[in-house]
Amino acid sequence: MKISVVIPCYNEESTIRTIVDRVKNAGVSLHEVIIVNDCSADKTPEVLKEWDDDPMVKVFHHKVNQGKGAALRTGFKQVSGDIIIIQDADLEYDPKEYPLLLEPIESGDADVVFGSRFMGGRPHRVVYFWHMVGNRLLTLASNMMTNLNLTDMETCFKVFKGEILSQISIEEDRFGFEPEVTAKVSRIDCRIYEVGISYYGRTYAEGKKIGWRDGVRAIYAIVKYNIFKR
Ligand SMILES: Nc1nc2c(ncn2[C@@H]2O[C@H](COP(=O)(O)OP(=O)(O)O)[C@@H](O)[C@H]2O)c(=O)[nH]1
Ligand SMILES: [Mg+2]
């Protein structure tokens, strides 16, 4: 199976090199790495030049900053693999866990796999209590609408078979992507699995960007894509 990894990337000059190295050494049969630079204002574009001559790494640039959802929309249009893994450009999620995430697909059981920070006994950095509460409330609200029993709707680690992703069009430009894609996947006839993953959370001082406004937008997206856009 050909694996495509899509990395949305905004102002990640300090981590993008490491994350691409980790993706390449993840121990899976990698077909391509698609990086979408979402008009970074730091040195990200210069760092990305490193892979100009690498046929495995394909880099695309946005002319204006649009957000994670928009970056993924751009990336999804370019994928040519059979399985698509979403990877954030910071170091919160470890590509070493791709084999774990891929297992339910490779065994023929799953069409979609979410990596959950809230199940399993793998290492989790202890960071923000209220983020955990927020994530659980958003997951609860999403589950109530989708009737899925997920434990971590907001996870970055989402893996799709190509034929599933091609049935989904992404409208949300920013972090509303996560509830939107969850709502849309729940309405496709497919088998969804969750796998426990590690979480190397970063603090705001270390560059974390998501904020309470994104939580509000997530609620809006849960209502919009589960009720009004059915
Ligand atoms: N915050 C933010 N992230 C973006 C944007 N466009 C793409 N991304 C990427 O989306 C991913 C998730 O963002 P991140 O800041 O790690 O979220 P957080 O760790 O939850 O604060 C990262 O790979 C970002 O580089 C954007 O406009 N804003
Ligand atoms: Mg992050």
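Before going into details, it helps to say that this report is about the structure given with it. Remember, predicted model here, so these are calculated numbers, not experimental data. What you see as residue numbers is a count from 1 along each chain, following the sequence as written. Ligands are numbered from 1 and chains lettered from A, in the order in which they are written. Only residues with pLDDT of 70 or above have their local features reported here, since the model is predicted, and side-chain atom pairs are shown and tallied only from 80 upward, although totals for entire chains, interfaces and linings are computed over all residues. Think of the side-chain values as coming from all heavy atoms in the structure, minus any hydrogens and water.

1. Focus: the side chain of T15
- A run of H or I in DSSP becomes a helix once it reaches four residues, and a run of E becomes a strand once it reaches two; helices and strands are each numbered from the N terminus. Note that T15 resides in the loop between β1 (3-9) and α1 (16-24).
- Residue T15 is classed as buried on the basis of its relative accessible area, which comes to 10%.
- By the convention used here, residues are in contact when the closest approach between their heavy atoms is within 4.5 Å. Not counting residues up to four positions away in its chain, the partners in contact with T15 are A89, D90 and L91. Exposure classes here rest on a 1.4 Å probe applied to the protein chains alone. A residue is buried below 20% of its type maximum, exposed above 50%, and partly exposed in between.

2. Section: the coordination of the magnesium ion (ligand 2)
- Distances decide who is a donor: an N, O or S atom must be within 2.8 Å of the metal, or within 3.2 Å for Na, K and Ca. Water is not included, so sites may look incomplete. Here the magnesium ion (ligand 2) is held by D90 (OD) and E92 (OE), and the distances to it run 2.0 to 2.4 Å. Accessibility assignment for this pair places D90 and E92 in one class, buried.

3. Concerning the site of ligand 1
- Proximity is defined per residue: any heavy atom of the residue falling within 4 Å of a molecule or strand makes that residue near it. Contacts to ligand 1 come from 18 residues, most closely from P8, E12, D38, A89 and D90.
- Contacts described as polar in this section are N or O atom pairs within 3.5 Å, which, within protein, must combine one atom able to donate a hydrogen with one able to accept it, while residues neighboring in sequence count only if both atoms come from side chains. Within the contact set of ligand 1, an oxygen atom lies 3.0 Å away from a side-chain nitrogen or oxygen of E92.
- With respect to ligand 1, the side chain of R174 contributes an N or O atom lying 3.3 Å from an oxygen atom.
- For ligand 1, whose accessible area on its own is 540 Å², the fraction buried by protein is 94%.
- Think of it as three bins: nonpolar holds Ala, Val, Leu, Ile, Met, Phe, Trp, Tyr, Cys and Pro, charged holds Asp, Glu, Lys and Arg, and polar takes everything else, Gly as well. Classifying every residue of the shell around ligand 1 by side-chain character gives six nonpolar, two polar and ten charged. Areas reported as accessible are Shrake-Rupley estimates using a 1.4 Å probe. Residue values count occlusion only from the protein chains shown.

4. Looking at the sheet that holds strand β2 (residues 30-37)
- Pairing is mixed across the open sheet formed by seven strands, whose spatial order is β3-β2-β1-β4-β6-β5-β7. Edge strands, defined here as strands with exactly one partner in the open sheet, are β3 (57-61) and β7 (192-196). Put simply, the sheet's adjacent strands are angled 20° from each other on average, direction ignored.
- Convention adopted: a line fitted to C-alpha atoms gives each axis, helices being fitted over their contacting stretch, and angles between N-to-C directions are expressed from 0 to 180 degrees. Packing against the sheet, α1 makes contact with β1, β2 and β3, and its axis sits at approximately 170° to β1. One bridge is not enough; two strands pair if DSSP finds at least two bridges between them.

5. Examining the packing of aromatic side chains
- We call Phe, Tyr and Trp rings a pair once their centres come within 6.5 Å, taking the six-membered ring for Trp, and we label the pair stacked below 30 degrees between planes, edge-to-face above 60, and tilted otherwise. In total, this model carries six aromatic pairs according to the counting rule given.
- Relative to F157, the ring of Y93 has its centre 5.2 Å away and its plane inclined at 55°; by these criteria the two rings are tilted. Taken together, the residues Y93 in the loop between β4 (83-86) and α4 (98-106) and F157 in the loop between α5 (129-146) and β6 (158-161) connect sequence positions 64 residues apart. For the pair formed by Y93 and F157, the shared burial category is buried.
- Where F129 meets W130, the ring centres are 4.8 Å apart and the plane angle is 75°; that geometry is what we call edge-to-face.

Note that every value here comes from positions in space, so none of it alone points to a role or purpose.
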